[in-house]
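A look at the structure
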Amino acid sequence: MDMNQPSEPTTLPLFDPAVLDHRAANSARSARVSKATPSYISDHRARLRERFLQGGAAAMPDYELLELVLFRAIPRQDVKPIARRLIDHFGDFNRVLSASPTRLSEIDGVGNAVITELKIVEAAAQRMARAKVMQRPVLSGWQALLDYCHTSMAHREVEQLRVLYLDRRNVLIADEEQARGTVDHVPVYPREIIRRALELNASALILVHNHPSGDPTPSDSDIAMTAQIVRAADSMGITIHDHLIIGRSRELSFRSEGLL
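Residues numbered from 1 in each chain as written. Predicted model: local features only at pLDDT ≥ 70, side-chain atom pairs only at ≥ 80, totals over all residues. Heavy atoms only, no water.

This part covers the overall build of the protein. Within the protein, the regular secondary structure consists of 10 helices and 5 strands. Out of the 260 residues belonging to the protein, those deemed buried represent 39%. If you take every contact in the protein between residues at least 6 apart in sequence, the share linking residues at least 24 apart comes to 59%. Looking at the protein as shown, the accessible area adds up to about 15200 Å², and 52% of this sits on carbon and sulfur atoms. (Helix = DSSP H or I, 4+ residues; strand = E, 2+ residues; numbered from the N terminus. Buried < 20%, exposed > 50% of the residue type's maximum accessible area, 1.4 Å probe, protein only. Contact = heavy atoms within 4.5 Å. Areas by Shrake-Rupley, 256 points an atom, 1.4 Å probe, with all protein chains shown as cover.)

Across the sheet, which stays open at both edges, the 5 strands sit in the order S2-S1-S3-S4-S5 with mixed pairing between neighbours. One side of each edge strand has no neighbouring strand; the edge strands of this open sheet are strand S2 (172–180) and strand S5 (251–253). Here the average twist between neighbouring strands, direction ignored, is 20 degrees. Note that strand S4 (residues 239–246) and S5 share 3 bridges and pair antiparallel. (Pairing = 2+ DSSP bridges. Axes fitted to C-alpha atoms, helices over the stretch in contact; angles between N-to-C directions.)

Although it is not a glycine, Asn-170 adopts a positive phi angle of roughly 65 degrees. For Asn-201, which is not glycine, the phi torsion reads 60 degrees and is therefore positive. Here Asn-201 is to be found in the loop between helix H9 (190–200) and strand S3 (204–210). For Asn-201, a relative accessible area of 60% gives the class exposed.

Written out as structure tokens, the structure reads:
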């Protein structure tokens, strides 16, 4: 070949044929999946969404509200059987949301996508309830505080102790999990609670823990533990406003019961 002779320009294709073939295959696959979705599922979902928009959650039983949540996690499958299995196993909508990922994964049809969607809804509910009490005077918004505690703790499967730290105006400045235990016991360290209060410059505390059994009646160890924390707090000039035990449907206040 004559090296001095100009070569013919090479025309390159605008798109790589392999890429075009890949995109065409994906389009065909998507079309097949779409066609595979029965119309009755689409119709059912549309009806549920419309009922929710018209009447809100109050117009729907727990399993249907759960279906609405599962629509995003499982877009092309009838999710009613999974919703019913979850409700039958855990008892109600709240207990489904608060169940641990390990226990949720034991239910047939529940995978990572479903667990993620449920935990997103749970986190959103807790964050909304928390926003109503953080950086606000607690004693003048007591019902909002109780609502938050129930949302966060009423359906947990193990005992948890939370400490709410208040400033001198009784504004909630921190809400922290101090310990987590078993189904009927939680380890408590009064020294750590008071140390953290001093770090935050807190003037008062509210203790909150849950009873997974659902019955908020305090045990002898609950009463003794509270007395230890009160003594430690008194020595540092910190007030214990209350100790709340959160049950499934009600709470118990040590202050109201004359235990504090």
